[in-house]
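Architecture and fold: a report
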Amino acid sequence: MIVQVEVPNLRQPFTYAVPDHLDHPLPLQSGDCIVVPFGRQVMLGYVVQRRDALPSGVAEKSVRDVLERVVGDGACVPDSVMRTARWVAREYVADLAMSIRTAIPQLQSARIEQFYHWTGLRPVSTVAHNQLAFAEFLSNTKAPQTLKDVSVALGTNIDKASVNALIRIGAVQRNYQILPPKVTARSVLCVTLSVTADVAAAEATRRRRRAKQQAVALEMLAGLPAHTPVSIADALETHGIARTVWKRLESDLLVAITPTPVDRIPLVLTAAGKRPDVLSADQLHALAVIENERLSSAQKPILLHGVTGSGKTEVYLATIEKTLAAGRTALVLVPEIALTAQLMGVFRGRLGNRVAVLHSALSDGERRDEWHRIGAGKADVVVGARSAIFAPLSNIGCIIVDEEHEGSYKQESGAPRYQARDVALARARSTNAAVILGSATPNVESYYKASWGDYTLAEMTVRPAGRPMPYVEIIDQRIKTGKTGLQMFSASLLDAISESLGSGNQAIVFLNRRGFAKYLLCRECGHVPMCPNCAVSLTLHHGAETLLCHHCAYTQRAPETCPSCTGKRILSYGIGTERIESELQGLFPAARLLRMDRDTVANKDALPEMIEQFRTREADILIGTQMVAKGLDFPGVTCVGVVAADTSLHVPDFRAAERTFQLLAQVSGRAGRGDVPGRVMIQTFNPDHVAIQAAAHHDYGAFYGAEIENRRELNYPPFSRLCNVIASHEDGNVAAGAAAEFAARVRLQNGLTVLGPAPCPLSRVRNKHRFHVLIKGPLDDTLRQVVRRELNAMSQEHRSMLMFDIDPQSVV
């Protein structure tokens, strides 16, 4: 039997023969993890195909045998995940091995470690000093050592070339060992009765006088169902039973102490899961549309277009309950970890512990346990952010993409750069699952498909119980209306916040820029501190008195004098959420403030705790970046203030207007979700722009009508497909050359438009110069096929510099 094997970091599958003893009694299958020889190394790989014969062009004598099958925790890729990884690799011009690594959390994968030991042969004195020290260290150590262990012990880096030289002369031998995943199951010591409950009760009565704690312990276990394990730590906390008590009972053969696997439970917000007494007419209509589509022989995705606060979550829950009743599973994607925490509370309240959560803010152990719980079928509903699309669910009957317009569904770094919304559509096709794309501000491409009948449109135009949409006031910042010298807040905005707080309600203040100030500037010489690694200025973070690069995380102390001219007139320009917090605390000293941005939610539980704190009204004003704009439900919020609506409007990207409209409409929708009507104040220097006007009037149709005509005229999606190709290298000329070579190759193809190469708007990141080529192609598969073909024809040197973003969310 022959298998095709994907090996991480290699660009193509390789062919291996399967010895009979590895194919019986269970044959190797797609997704199985195996150990294979590769050159002089031994590597882990994944079976991607079984074959009865060698591929054409492969000589039999060149085919080597699979060495070993890896079994146990995290060893194989579930079939559903492998199918999804194949589609991602094909669609986004990536290698399957890369796609598999994206799908499987690396800390849950088996691994191979190289170990070295001394053979007994002392190297000749002519070898280098570091080689002699390496061999000497191994000769004094009985156990095999890793290269890292020896380097740390000797206090110097030992390179592999030096070690290979010792191997060639026979002084050192290298071995490979398969190690389990770095993160494994957690276990706690538990006790169970070794005798019947009646015997335990009688023994407790006999010991009550002379050994009271032993009697309490036996009575506790006797009162539980047979064979119920009790954690020793829990027994100590609840009943004060010390471990020595259990050890004595174990020696008397009354109890057994065993390590028992337990799941690490992610923090989940508490929320009522009560079903509403009556659904709104819009909710009933949406559910009818979904059910009709599910019963259709030609099932299409459903675009659920519902205004903010219209009750889309209840539609999701009702759909999931029908899916579970039919014996199938459900997957819910949300764009932000904040939304994951909120939805998990609601879903757990309604559906119980059958709901699992997956997102990057979980600890490694929590993520491992949730993944295995899903794979074992113990959870049949998964809620998670972008990477949850790879969850090992089987028999999926429903996939919901909440806030489907959000750019965070697009993987923006590394490869493959997949769009989770499109992966959801592909995964649903493989199991004939229903797909619901929900949003108050749908992606322009999605709404276009709905208007042409590719998707089925279900609309929810009003909020339940007659709640009105919030009143929105546009404040023209070109007119000086500030109460402070900074003109950061208009009089209208401050009055609205004051009125909200005075009525016992809450306010949200939104600015999509973190930090204290955008940059520092010396008023004497004009110097601006720049990141040494990126072509951007450093952002001031006042609390830590540091300057930080938001692209590479470079930091330095904020200078007291100018490093260029030693002048002392250093002023900060621009504002961020940290500055907003400082100013509002001064203006409203009695108010309790929370700030929600990447700086304040670094701890994995900080975000859900902050949401709970604001939801339970332990704070009055929430200041934040786009985290606060996405789907959060705070009934106490009656005022929303947008400090600078123009932040994203003038970015050199064809989606800039769409992103601005979506952000403004979404953050406006946080107001008035309770019994008190909401009020929104939008400060802007572009009050007549269609994105701002449409958001203020809650008019998606007006924005879509203007935007779709702009896209049609410029041949941008949905009227074309795009690929953004970025070449990066430490040498700018080399990066420009790689971009130019690829552009020249693609220009020879018919039906494609090539723009560039040109420097990226962000021309240097992490010490690498960046040039990009933007390719427009027809709506069919031509673009992807051409990019794949031309990539394979390039030299390995240039190919390694290129990053391909099919259907980019941003071209900056």
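Notes on the structure in this doc start here. Computed from a prediction, not measured in an experiment: that's the story for all the values here.

Another point: helix 4 (residues 147-154). Considered for burial, the residues of helix 4 that qualify are Leu147, Val150 and Ser151. One face of helix 4 carries all of its buried residues, which in axial projection span an arc of 100 degrees. Opposite the packed face of helix 4, turned more than 90 degrees from it, sit the exposed residues Lys148 and Val152. For helix 4, the elements touching its buried residues are strand 7 (111-118), helix 3 (129-139) and helix 5 (160-168). The positive-phi residue at the C-terminal boundary of helix 4 is Gly155, with phi of around 75 degrees.

When a protein is soluble and globular, its nonpolar side chains tend to lie buried together. Within the largest apolar cluster, 149 residues are counted, with the highest numbers of intra-cluster contacts made by Ile100, Ile320, Leu333, Phe347, Met596, Phe742 and Ile775. The contact partners of Ile320, leaving out residues within four places of it in the chain, are Ala330, Val332, Phe347, Leu351, Val381 and Ile400. Listed in part, the 21 residues of the second largest apolar core include Ile475, Met488, Leu511 and Val643.

Following both chains from N to C, one finds helix 3 and helix 5 inclined at 65 degrees, their axes separated by 10 Å at the closest point. Note on packing geometry: the crossing formed by helix 3 with helix 5 is right-handed. Two secondary-structure elements touch here, helix 3 through Asn130, Gln131 and Phe134 and helix 5 through Ser162, Val163, Ala165 and Leu166.

A few words now on the sheet that holds strand 6 (residues 68-69). Pairing is mixed across the open sheet formed by 6 strands, whose spatial order is 5-2-1-4-3-6. Here the strands that pair on one side only, and so sit at the sheet edges, are strand 5 (64-65) and strand 6. Relative to strand 5, strand 2 (residues 14-17) runs parallel, the two being bridged by 2 bridges. Bridge pairing in strand 5 places Ala17 opposite Asp65.

Per the counting criterion, the structure on display carries 14 aromatic pairs. When the centroid spacing of 5.9 Å and the interplanar angle of 75 degrees are considered together, the rings of Trp87 and Tyr92 count as edge-to-face. We classify Trp87 as buried; its relative accessible area is 16%. Here Tyr92 falls in the buried class, since its relative accessible area comes to 2%. Each ring, one from Phe661 and one from Phe703, has its centre 4.6 Å from the other, and the planes form 5 degrees; the classification is stacked.

Look at the link from Pro717 to Pro718: it is a cis peptide, with omega at 20 degrees. Of note, Pro718 is situated in the loop between helix 21 (700-714) and strand 30 (721-729). Following Gly756, the chain continues into Pro757 via a peptide bond in cis, with omega recorded as 15 degrees. Following the sequence through the fold, Pro757 ends up in strand 31 (residues 753-765). Residue Asn715 is not a glycine yet carries a positive backbone phi of 60 degrees. Along the chain, the position of Asn715 falls in the loop between helix 21 and strand 30. Taking relative accessible area as the criterion, Asn715 reaches 33% and is therefore assigned partly exposed. You will see that Asn767, though not glycine, has its phi angle at about 65 degrees, which is positive. For Asn767, the location among the structural elements is in the loop between strand 31 and strand 32 (768-777).

For the structure on display, the rule yields 0 disulfides. Left unpaired, Cys723 is separated from the closest cysteine sulfur, that of Cys760, by 13 Å.

A few words on helix 21. With 15 residues, helix 21 should reach 21 Å at 1.5 Å per residue; the first-to-last C-alpha distance of 21 Å fits that figure. Within the sequence span of helix 21, burial applies to Tyr700, Phe703, Tyr704, Glu707, Ile708 and Arg711. The arc enclosing the buried residues of helix 21, seen along the axis, measures out at 120 degrees, which places them on a common side. Residues of helix 21 that are buried sit in contact with strand 12 (302-306), helix 15 (444-451), helix 19 (656-668) and helix 20 (690-696). Positive phi shows up at Asn715, right after helix 21, with a value of about 60 degrees.

Definitions and limits used
- Residues numbered from 1 in each chain as written.
- Predicted model: local features only at pLDDT ≥ 70, side-chain atom pairs only at ≥ 80, totals over all residues.
- Heavy atoms only, no water.
- Buried < 20%, exposed > 50% of the residue type's maximum accessible area, 1.4 Å probe, protein only.
- Helix = DSSP H or I, 4+ residues; strand = E, 2+ residues; numbered from the N terminus.
- Arc of directions from axis to C-beta.
- Contact = heavy atoms within 4.5 Å.
- Core = buried A, V, L, I, M, F, W, Y, C linked by side-chain atoms within 4.5 Å.
- Axes fitted to C-alpha atoms, helices over the stretch in contact; angles between N-to-C directions.
- Left-handed = near helix turned anticlockwise from the far one by under 90°.
- Pairing = 2+ DSSP bridges.
- Phe/Tyr/Trp six-rings, centres within 6.5 Å; stacked < 30°, edge-to-face > 60°.
- Disulfide = S-S within 2.5 Å.
- Expected span 1.5 Å × (residues − 1).

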